[in-house]
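# Working through the structure, step by step
What follows is each chain in one-letter form.
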Protein chains: 2
Amino acid sequence: MAPALELLEKPVKNLPTKALPLNHDGPTSGDDLKLESTERHQRVMNIFRVFIADLCQQFGEGHAGSPMGMAAIGVALYKYAMRYSPTNCDYFNRDRFVLSNGHACLWQYTFMHLVGVKSMTMDQLKSYHSARLDSLCPGHPEIENEGVEVTTGPLGQGLANAVGLAMASKNLAATYNKPGHEVVNNMTWCMVGDACLQEGVGLEALSLAGHWKLNNLCVIFDNNSVTCDGTADVANTEDINMKMRATGYNVVDVYNGDTDVAAVAVALIAARSSDKPTFLNIRTVIGFGAHNAGTAEVHGAALGVDEVANLKRSFGLDPNEHFHIPGDVYDFFRDIPGRGKTHEANWEAVVAKHRIKNPVLGAEFALRVAGKMSDDWSKLIPCKEEQPTSPTASRKSAGVVTNALAGNLNSFLVGTADLTPSCNVAYKSKVDFQSPDLRTACGLNGDYSGRYIHYGIREHAMCAITNGLSAFNKGTFIPMTSTYFVFHLYAAAAVRMAALQGLQQIHIATHDSIGVGENGPTHQPIAVAALYRAMPNLLYIRPCDAEEVAGAYISAIRATETPTVISLSRQALTQYPQNSSREGAMKGGYVFAEGDDGEFDVTLIGVGSEMVFAMQTRDLLSKKYSIRARVLSFPCTRLFEQQSREYKLSVLKPRSDKPTIVIEAYPSNGWERYADASVAVNSFGKSLPSEDTYKYFGFAPEEIAPKVRDLVEEVQREGIGMLRGDFREFNGPLKIGHGP
Amino acid sequence: MAPALELLEKPVKNLPTKALPLNHDGPTSGDDLKLESTERHQRVMNIFRVFIADLCQQFGEGHAGSPMGMAAIGVALYKYAMRYSPTNCDYFNRDRFVLSNGHACLWQYTFMHLVGVKSMTMDQLKSYHSARLDSLCPGHPEIENEGVEVTTGPLGQGLANAVGLAMASKNLAATYNKPGHEVVNNMTWCMVGDACLQEGVGLEALSLAGHWKLNNLCVIFDNNSVTCDGTADVANTEDINMKMRATGYNVVDVYNGDTDVAAVAVALIAARSSDKPTFLNIRTVIGFGAHNAGTAEVHGAALGVDEVANLKRSFGLDPNEHFHIPGDVYDFFRDIPGRGKTHEANWEAVVAKHRIKNPVLGAEFALRVAGKMSDDWSKLIPCKEEQPTSPTASRKSAGVVTNALAGNLNSFLVGTADLTPSCNVAYKSKVDFQSPDLRTACGLNGDYSGRYIHYGIREHAMCAITNGLSAFNKGTFIPMTSTYFVFHLYAAAAVRMAALQGLQQIHIATHDSIGVGENGPTHQPIAVAALYRAMPNLLYIRPCDAEEVAGAYISAIRATETPTVISLSRQALTQYPQNSSREGAMKGGYVFAEGDDGEFDVTLIGVGSEMVFAMQTRDLLSKKYSIRARVLSFPCTRLFEQQSREYKLSVLKPRSDKPTIVIEAYPSNGWERYADASVAVNSFGKSLPSEDTYKYFGFAPEEIAPKVRDLVEEVQREGIGMLRGDFREFNGPLKIGHGP
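Thresholds, definitions, all that
Residues numbered from 1 in each chain as written. Chains lettered and ligands numbered in written order. Predicted model: local features only at pLDDT ≥ 70, side-chain atom pairs only at ≥ 80, totals over all residues. Heavy atoms only, no water. Buried < 20%, exposed > 50% of the residue type's maximum accessible area, 1.4 Å probe, protein only. Helix = DSSP H or I, 4+ residues; strand = E, 2+ residues; numbered from the N terminus. Pairing = 2+ DSSP bridges. Right-handed = clockwise from strand over helix to strand, strands pointing away. UniProt positions renumbered as here; feature names shortened; annotations may be inferred. Contact = heavy atoms within 4.5 Å. Salt bridge = Lys/Arg side-chain N within 4 Å of Asp/Glu carboxyl O. Polar contact = N/O pair within 3.5 Å; in protein donor to acceptor, adjacent residues only side chain to side chain. Nonpolar A, V, L, I, M, F, W, Y, C, P; charged D, E, K, R; others polar. Least-squares fit on C-alpha atoms with pLDDT ≥ 70 in both. Domains from an automatic or database assignment. Buried area = accessible area lost by both parts, 1.4 Å probe. 1 Å grid on protein atoms, 1.4 Å probe; cavity = no way out; pocket = protein on both sides within 12 Å on 5 of 7 lines; lining within 4 Å. Points joined across faces, edges and corners; volume = space filled by probe spheres on them. Expected span 1.5 Å × (residues − 1). Axes fitted to C-alpha atoms, helices over the stretch in contact; angles between N-to-C directions. Phe/Tyr/Trp six-rings, centres within 6.5 Å; stacked < 30°, edge-to-face > 60°.

## Notes on the pairing of strand β20 (residues 602-606) of chain B
All names here are of chain B. Where burial is concerned, most of β20 is hidden: five out of the five residues are buried. Residue alternation in β20 divides its side chains into two sets, V602, L604 and G606 and T603 and I605, and both sets are buried. Across five bridges, β20 lies against strand β21 (residues 629-633) in parallel orientation. Within β21, the position partnered with V602 by the bridge is A629. Taking the sense of rotation as the criterion, the β-α-β connection linking β20, helix α23 (residues 611-625) and β21 turns out right-handed. Bridging between β20 and strand β22 (residues 660-663) involves four bridges; their strand directions are parallel. Bridged to L604 within β22 is I661.

In structure tokens, the structure reads:
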């Protein structure tokens, strides 16, 4: 019996004909889909829609339109298509769901309530837009809350997160599944609005998912054609179906997404059998049922008291009942928790059998599920004795560590935005993450078990996809990215979301500082560090040599709820085996060199690739001016701030007659906390060979030393108080106006 | 005679059949194109390619592959298709050319030399990758140098810049052209590689150009299918032609882009007659002629001495001749300067006639060409007496100014990333910038003379396109953008390029601070200000009331070589007519309120929407603790740093027994320069109503005042020196780890 498909030949177009059955215990096609009656669907949707209207009316604000428009999609997804367990939202093999149009969160909250997610009580739903600190219903879904896979809101990123979640499944499946024992085979569903398909990060991610043929991804387009500014046509008139086909998707059209639950359900379930990612183009009317349905007015506002009443009347409901969900609507979803428990039980049985048949692999899989690595990572980090002593670029030193970690531990997924030759993250035995289909089609050597990811020239998607990899299950992956540091400005909105969500990941950011050579000012990352140093819950670490690089990796791996950006040089760096220490680096700042005979006249702060200038200036000050300089290494201000006040003061040693000067090839913003003066770069850079660039910007010790001497003498004469409110920039302040 | 088209039926596919002749004095179709012989083309290309190889070999580095591969495209473009004047590169109605794959700059530099751009001497060409400070050949094209329209390098952005340049032409043409007197009708040519078509910013911009039907834009795709990581297939297997058709382009294929100059020329020239933007898909071989042609090896490296010699031999050239451009190759381009002068003369004649027929319009056009506004902008800014006194959101105050400016002056182009209802930049009489074709197709009300731009939900393209608008001709436009401040992280890479290039523009960034209401932490722009405050040549201004908003606009309009970000509140702000001053705001920081009877115990710094907490705390300190607080307003640290040392110290008044405390709802990074302690937000935000959010983060005066009192007493006891190296955060330091 296939009533659904038969009935729906017209409403659904372009269903894939080639069914690739997956080992699902849920329905795999329309054939075994048992649909409730159209009347029951209608009843559930009516109640849902007025409930949304009530919730927004409570405080006279909120996003009502999209949730109301997406009612049929929600019923189809939560009742028929999605495989999950509402009483155990974290069940490992659950389908992942991402609401990329995060402002429609009431939709998700309300369906979570209906299907039986315990924490999502009626009382909680009413906390939407309230001042309650315990609310589980913030204005956008937040990862901290049960049943939410990723925090969304900044548009387009959720779609990229979903691509990451789908990749994570593919990689685990390819690594651990055995015929008959598929321990990972979940789908990823991603709800998107117009915006996610306009944002560059969404487009980048869509291209990649198409390229990788992630057939476990279904993008559900709530095509209501309305954005804040009115009709979406005002800024977008492209042929989205044709575009998505060109990008490698099976495109399925649903023409009545407002009320035809059956059509949506059939289309959703067909996505499980697709050979490509699926793009469901579902036509809906924003604010369906409301007086201003189909207009931008209903996007981000409540309907108004009278109109809510009218809406209820038009649905044949009592206008005087508020927040009312009748028993029969709860009954409609009553089977979901039980089905969820069955999913879990089936999965556990498969995992148990898999482990008996494949004890070694099964044990590793169990560790991954528990969020642990399969081996002791700490012994893979080179010890101090193994470090180079001759000048070595820190991108090379980092490459050694990445090689050891990623070469040995399946937890590490290593990616690059098309900078394999420059970023040194390609580990020896690497296998590319690719669709096996492309072996014959393009001669590519890779498969889904591969852990080296070519993201193409798509930094923003790389980082937003990485958030999906991190969020799949805490600790299962430690994803890494790599690109030039300056290109983090393309990706920072995604890195910020990692920090906000507490997602562990490691970003290898090479070509930091002005020592990037002739690529010039566009490639010299002036001002980018200031962003990351100010960003909560992020470690921005600039190691000065290989030993500090080791410390940076250890800090990053230990920071299980924090993304880390390791900032590395293109150019070779002098190694300081007598001075540098991983333990010091892990404290963020430490004493690198004391002054002569333990006394000092001035403190110099050296950072990353500029340490060499601090140390050379120290020598010159001693030889030429008999000035005793101590040097601090300061790879990470955030880690330093976590230390005790006693430790900090013991490192900084503030004295009323001794100034502190920071030497770093970035603007000095933020260093004023520790220093009284700076040798800094206060304009954009210059296209010159690396060494010449440093000279051009005044980093020669011969130029720095006399300025330090002058300041030391001035402070000795007049006291340090004279520098309060008068921070000294040896290279002048940041300027208005063009040119150096 | 139409030899070209006849010969090239096969090599060029999909030439548009519907020719829409423009009023060009250059060739408009293949019919009147007089091609040089294939042999001459071959000769010029051979010489060009070995010259590129020589230049890279000089210092053993540089990007040789793409320039060598693009030789035929260059000959076709610079000899046949592009309308420009090499002896007057700034000629107003010139075709604009953007090298979006900026690393291929040697290609542009060398063609500029060949066609007779005076400054681009042989000596200059040899300065590529040298340590010469006077080099006009940096590693990426720079706007400062003659003949370069925009600085490129960060991939994808050049393409968006080109869209902006094409829009600028369309807008000027629609505003000033009269039948028979087309004063603006130039084309925009944009060279792109694989990367620009992968980057999100490029994809966003392409969508917009397709939507707007910018038929004066021709995107030239150097389809060599190789990126740094090898074959482009490794990360991209989409059907680009189908995708571009779906996006609204005429797609033309050229199959032999390596040597078939005629095919490329015909395709380029046909773009002038297209009814849509043109996408030329030109197949080339990277490093054509070299031993490692067609591989990633030749992308960013010199060939090697022996291989350069081999290359020359294979082309029948003398391997012992270096940097040799024979006279016949110069002869090939000898007609270009003369043709350029003719273009100029013709244009000047048209402009003169136009002015006679249309004296008012013509006079305004002349002003715009001279980079001036058509009226005195300063009288459009509301004067102090006109400012509101009741609480007003600064986004509303800014809306008043935008309305006055954009409503009256054609120089202002105002855009929004789909936030018209929130950002208040829609001026009363606005006409949308749209293709008139869409009036009937979609019922849109707008045309190319419109100056209100719906960018859709595409922040990065909005800002990168804005750079093109600014760069069209200095002062002709002052483009404005608008979005929420937090979404500047999507766009910051483009705003940075504006600062780097010295492009004037105004960014309206609303919903700053944590007072954005229930949208929650994803929408609260923690850390973004730190980036802009550290960025060279950028004004980030946070006015505290309407009067300071006026000052912000004046500063922005006066800063003719600097982009400005005006940071505005969602929530209503208390107005301070007794305290605030536009002149003060324009100095960046000033005394807002003195202490009681002119004396003080502590200085409070209030910023933007947090000024109210500084002023309320001042009152409370006085009433409850008899502590005299003076208050500084500090809308722009950059403007403040430009003031004299005397002024700065007179505002800051550093005293050894009086602390300074900054109150701002961002991390305190950077404020350490002026303050000893902070009331700041050192985590991500929280989804709560605006007032509750401030309370949650400790901004209630009742909470601040006792902390201030304690610090004042501590400093009176122990002296200010105790705070050196011990900056106090009343709300704790920025944390590692997840959660508030």
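Moving on from the coordinates now.
## Let's talk about the UniProt feature "domain: Transketolase-like pyrimidine-binding" (unreviewed entry) in chain A
Here the UniProt feature "domain: Transketolase-like pyrimidine-binding" (unreviewed entry) sits at residues 392-575 of chain A. In residues 392-575 of chain A, helix accounts for 39% and strand for 20%; the two terminal C-alpha atoms are 7 Å from one another.

## A short note on the interface of chain B and chain A
Each partner contributes residues to the interface: chain B has 135 residues there, and chain A has 135 residues. Across the chain B-chain A interface, the total number found is eight salt bridges. One salt bridge connects B:R724 with A:D676, and the closest N-O pair in it is separated by 2.8 Å. For the pair chain B and chain A, the number of links is 68 residue pairs in polar contact (both at pLDDT 80 or more). In terms of residue count, the dominant contributor to the side of chain B that touches chain A is helix α19 (residues 488-501) of chain B (nine residues). Considering only residue class, the side of chain B that touches chain A consists of 57 nonpolar, 43 polar and 35 charged.

## Some remarks on the relation of the copies chain B and chain A
Each copy of the sequence occupies a distinct position, and chain B is placed on chain A by a rotation of 180° and an axial shift of 0.0 Å, giving an RMSD of 0.0 Å. Both copies are brought into coincidence by an operation consistent with a two-fold rotation axis. When C-alpha positions in chain B are compared against the rotation axis, the closest is assigned to B:G200, at 1.8 Å. In this assembly the copies share their binding face: 100% of the residues contributing to the interface of chain B also contribute to that of chain A.

## Focus on the domain arrangement of chain A
Residues and elements named next belong to chain A. Split into domains, chain A comes out as domain 1 (3-341), domain 2 (377-573) and domain 3 (588-729). Once you take the C-alpha centre of each, domain 2 and domain 3 turn out to be 29 Å apart. In this complex, domain 2 contributes 33 residues to the contact, which on the side of domain 3 involves 31 residues. Taking both sides of the interface into account, the surface hidden between domain 2 and domain 3 amounts to around 2400 Å²; carbon and sulfur atoms contribute 57%. Linking domain 2 with domain 3 are three salt bridges. A salt bridge links E664 to R542; the nearest nitrogen and oxygen atoms lie 2.9 Å apart. At the boundary of domain 2 and domain 3, one finds 18 residue pairs in polar contact (both at pLDDT 80 or more). Mapped by element, the contributors of at least two residues to the side of domain 2 that touches domain 3 are α20 (528-534), β16 (539-541) and α21 (546-558). It is α20 that contributes the most residues to the side of domain 2 that touches domain 3, four residues altogether.

## Quick look at the environment of A:L99
Residue and element names in this part refer to chain A. Position of L99 relative to the elements: it lies in strand β2 (residues 96-99). Sequence-wise, L99 and V252 are 153 residues apart; in three dimensions their C-alpha atoms are separated by 19 Å. Every residue in contact with L99, bar those within four places of it in the chain, is listed here: M70, A104, C105, W107, Q108, P141, T152 and M191.

## Details of empty space enclosed by the protein
The gaps left among the atoms become clear once a water-sized probe is rolled over them. Summed over all chains, the structure comprises 17 cavities of 30 Å³ or more. In this structure, the largest cavity occupies an estimated 400 Å³ of space. Contributing to the lining of the largest cavity are 28 residues, with A:N669, A:G670, B:N669, B:G670 and B:E672 lying nearest its centre. Breaking the lining of the largest cavity down by element, the ones donating at least two residues are α20 and α24 (637-641) of chain A together with α20 (528-534) and α24 (637-641) of chain B. Residues that form the lining of the largest cavity fall into these classes: ten nonpolar, six polar and twelve charged.

## Observations regarding helix α27 (residues 701-718) of chain B
All names here are of chain B. Taking 1.5 Å as the rise per residue, α27 with 18 residues should run 26 Å; its terminal C-alpha atoms sit 25 Å apart, in good agreement. Every buried residue of α27 is accounted for by P701, I704, A705, V708, L711, V712, E714 and V715. Along its buried surface, α27 packs onto β20, α23, β22, β23 (677-679) and β24 (728-729). Looking one or two places after α27, you find G719, whose phi comes out positive at around 85°.

## So, the sheet that holds β21(B)
Across a sheet, strands are paired by hydrogen bonds formed along the backbone, either parallel or antiparallel in direction. Residues and elements named next belong to chain B. The six strands are arranged β19-β21-β20-β22-β23-β24 in an open sheet whose pairing can be described as mixed. Pairing within the sheet leaves two strands with one partner each, and these edge strands are β19 (590-593) and β24. Across the face of the sheet, α23 comes into contact with β19, β20, β21 and β22 while running at roughly 170° to β21.

## Observations concerning unusual backbone geometry
All names here are of chain B. In the Ramachandran plot, H511 falls in the positive-phi region, its phi being about 60° despite a non-glycine side chain. With respect to the helices and strands, H511 occurs in the loop between β15 (505-510) and α20. Phi is positive for D597, which is not a glycine, with a value near 40°. Tracing the sequence through the fold places D597 in the loop between β19 and β20.

## Re the packing of aromatic side chains
All names here are of chain B. Tallied over the full model, the rule gives 78 aromatic pairs over all chains. Relative to F592, the ring of Y576 has its centre 5.5 Å away and its plane inclined at 75°; by these criteria the two rings are edge-to-face. Residue Y576 is located in the loop between β18 (572-573) and α22 (582-586), and its partner F592 is located in strand β19; the two are separated by 16 residues in the primary sequence. Residue classification places F592 among the buried residues on the basis of a relative accessible area of 4%. A centroid spacing of 4.7 Å and a plane angle of 65° characterise the contact between F634 and F640, whose relative ring orientation is edge-to-face. Assessed through its relative accessible area of 1%, F634 is described here as buried. For F640, a relative accessible area of 0% translates into the label buried.

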